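Structure at a glance
Okay, here's what each chain looks like letter by letter:
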Amino acid sequence: MERQPLTSLDHRRLLVAPSLLAADFARLGEEIRRVEAAGADILHVDVMDGHFVPNLTIGPPVVEKLRPVSRLPFDVHLMLTNPRAFVAPFAAAGADGITVHVECADDVGATLEEIRAAGCSAGLCLRPGTRPEALLPWLGRIDLILVMTVEPGFGGQSFMAEMMSKVFWLRRAITAGGHRIHLEVDGGIDARTVGVAAKAGANLMVAGTAVFRHPGGAEAAIAGLHAAQRELDEALR
Ligand code: DX5
Ligand code: ZN
């Protein structure tokens with residue numbers, strides 16, 4: 001399938017990216033089809049190494065098997081101490097965007113270059129304790145910023161509203177520099193918190209529990225998240 005870098009998606013649109021972490025792992029293919037049919041814009045794939053974060057998830061062989069199941073762009077979030085070695089394998093498996101943590105132990109510049117050389121859009125992620133200024137040297141070389149709104153490692157945690165000043169600061173930096181960068185938030189996003197994140201300037205909403213485990217179904221869940229387009233329009237005005 002043709003690669004769909006996230007740069008091809010409208011930066012002013014509120015995009016919903018269900019996180020596969022909250023899906024039923026016994027039926028991953030069906031679960032992806034379900035959220036795609038329900039109106040998801042992107043699929044968020046969380047990859048953990050048991051070292052950068054205290055949990056393990058999936059690797060390139062699983063992503064490769066899931067790729068033909070869906071037309072959604074795959075947004076691969078690498079929570080790895082050494083992500084560089086996994087850029088090529090995930091790109092080959094079908095990732096469209098690859099995000100690494102600015103706190104990782106690898107050479108960040110070289111890793112970003114490898115991501116783009118592989119034809120994927122390149123993202124940098126901040127843990128809750130990392131200041132947004134850490135991204136300033138990289139703004140000209142990334143397509144996406146991911147602000148963690150929980151400590152990475154597990155789904156189903158509570159949204160950290162105190163991260164919104166970081167989102168606001170980064171939105172201002174993106175606008176001031178004239179950059180085309182998606183501003184993504186991840187952790188505790190639901191129908192209630194999505195408006196807060198959009199108001200601060202986030203346009204790409206990762207939501208695991210709130211989509212895959214919504215009692216009213218994924219369609220209602222995704223429509224509820226898309227409704228925050230109104231707050232985003234205000235923030236981007
Ligand atoms: C946490 C992951 C998130 C997580 C979000 O480390 O990066 O993507 O799945 O899950 P919810 O939406 O349930 O907080
Ligand atoms: Zn994630």
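Below is a summary of the structure that appears in this document. Throughout this description, residue numbers start from 1 for each chain and increase along the sequence as written. To read the labels, note that chains go from A and ligands from 1, taken in the order they are written. pLDDT decides what is reported in this predicted model: residues at 70 or higher carry local features, side-chain atom pairs at 80 or more are listed and counted, and totals for whole chains, interfaces and linings draw on all residues regardless. Calculated side-chain values reflect all of the structure's heavy atoms, with hydrogen atoms and water omitted.

The immediate surroundings of ligand 1 are formed by 20 residues, with D46, G153, D186, G208 and T209 found nearest. Polar contact is defined as a pair of N or O atoms within 3.5 Å, subject to the rule that within protein one atom must be able to donate a hydrogen and the other to accept it, and that residues adjacent in sequence are counted only when both atoms are side-chain atoms. Taking S19, its side chain carries an N or O atom lying 2.9 Å from an oxygen atom of ligand 1. A distance of 2.9 Å is found between an oxygen atom of ligand 1 and a backbone nitrogen or oxygen belonging to G156. Elements with a minimum of two residues in the shell around ligand 1: β2 (43-48), β3 (74-79) and β8 (204-207). We call a residue near a molecule or strand whenever a single non-hydrogen atom of that residue lies within 4 Å of it. The numbering of helices and of strands both runs from the N terminus, where a helix is a DSSP run of H or I of at least 4 residues and a strand a run of E of at least 2.

Buried residues are those whose accessible area, probed at 1.4 Å on protein chains only, stays under 20% of the maximum for their type, while exposed residues exceed 50% and partly exposed ones sit between those limits. Along helix α8 (residues 218-226), the residues that are buried comprise A218, A221, I222 and L225. Looking straight down α8, one finds its buried side chains confined to an arc of 90 degrees; they lie on one side. What makes two residues a contact is simply this: any of their non-hydrogen atoms within 4.5 Å. Its buried side turned inward, α8 meets β1 (15-18), α1 (28-37), α6 (194-200), β8 and α7 (209-212). Directions pointing from the helix axis toward each C-beta atom define the arc.

The alternating pattern of β1 places L15 and A17 and V16 and P18 on opposite faces, both of which are buried. Here, a strand pair is defined by DSSP locating no fewer than two bridges between the strands. Both β1 and β8 contribute to a ladder of four bridges, which runs parallel. Within β8, the position partnered with P18 by the bridge is A207.

Coordination of the zinc ion (ligand 2) by the protein involves H44 (NE2), D46 (OD), H77 (ND1) and D186 (OD), with metal-donor separations of 2.0 to 2.3 Å. One can describe the site at the zinc ion (ligand 2) as irregular: its six donor atoms subtend angles covering 65 to 163 degrees at the metal. Only N, O and S atoms count as donors, using a 2.8 Å limit from the metal and a wider 3.2 Å limit for Na, K and Ca, and since water is excluded some coordination spheres may look unfilled. When the donors of the zinc ion (ligand 2) are listed by position in the chain, the intervening gaps give H-x1-D-x30-H-x108-D. One end of the pair, H44, is in strand β2; the other, D186, is in strand β7 (residues 182-186), and 142 residues separate them in sequence. This pair shows no difference in class: H44 is buried, exactly as D186 is. Geometry is assigned from donor-metal-donor angles: four donors are tetrahedral when every angle falls between 85 and 135 degrees, four are square planar and six octahedral when opposite donors sit over 155 degrees apart with all other angles between 65 and 115, and any other arrangement is irregular.

Among the five residues in strand β4 (residues 97-101), five count as buried, and that is most of the element. Side chains of β4 alternate between two faces, with G97, T99 and H101 and I98 and V100 buried alike. The pairing of β3 with β4 spans four bridges and is classified as parallel. When the bridges of β4 are listed, L78 appears paired with V100. If the strands point away from the viewer and the path from the first strand over the helix to the second runs clockwise, then the crossover is right-handed. What joins β3 to β4 is helix α3 (residues 84-93), and the crossover it makes is right-handed. As defined by bridge partners, β4 adjoins strand β5 (residues 121-126) across five bridges and the pair is classed as parallel. Pairing of T99 across the sheet is with G123, part of β5. Considered for its hand, the β-α-β crossover made up of β4, helix α4 (residues 108-117) and β5 is right-handed.

The next thing to look at is the sheet that holds β8. Sheet strands pair via backbone hydrogen bonds, and the direction of the pair is either parallel or antiparallel. Reading across the sheet, the eight strands line up as β1-β8-β7-β6-β5-β4-β3-β2 and stay open at both edges, with parallel pairing between neighbours. On the outer flanks of this sheet lie β1 and β2, each paired with one strand and no other. Strand-to-strand, the axes of this sheet are offset by a mean angle of 25 degrees, without reference to chain direction. As paired elements, β5 and strand β6 (residues 144-148) share four bridges and run parallel to each other. Following the sheet pairing, L126 is matched in β6 by V147. With axes taken as lines fitted to C-alpha atoms, and helix axes fitted only over the stretch in contact, angles between N-to-C directions fall between 0 and 180 degrees.

With that out of the way, let us pick up the packing of aromatic side chains. Pairing of aromatic side chains here covers Phe, Tyr and the six-membered ring of Trp, requires ring centres within 6.5 Å, and sorts the geometry by plane angle: under 30 degrees stacked, over 60 edge-to-face, intermediate tilted. For the structure shown, the criterion picks out zero aromatic pairs. As a reminder, the over-ring test applies to NZ of lysine and CZ of arginine, requiring each to be within 6 Å of the ring centre and within 35 degrees of the ring normal. Here R127 stacks its cationic end above the ring of F52, 4.6 Å away from the centre of that ring.

Just to be clear on terms, a salt bridge is a Lys or Arg side-chain nitrogen sitting within 4 Å of an Asp or Glu carboxyl oxygen. By the definition in use, this model includes eleven salt bridges. A salt bridge links E31 to R34; its shortest N-O distance comes to 2.9 Å. Taken together, the residues span about one helical turn, with E31 and R34 both in helix α1 at a distance of three residues. Relative accessible area serves as the criterion here: at 3%, E31 is assigned to the buried category.

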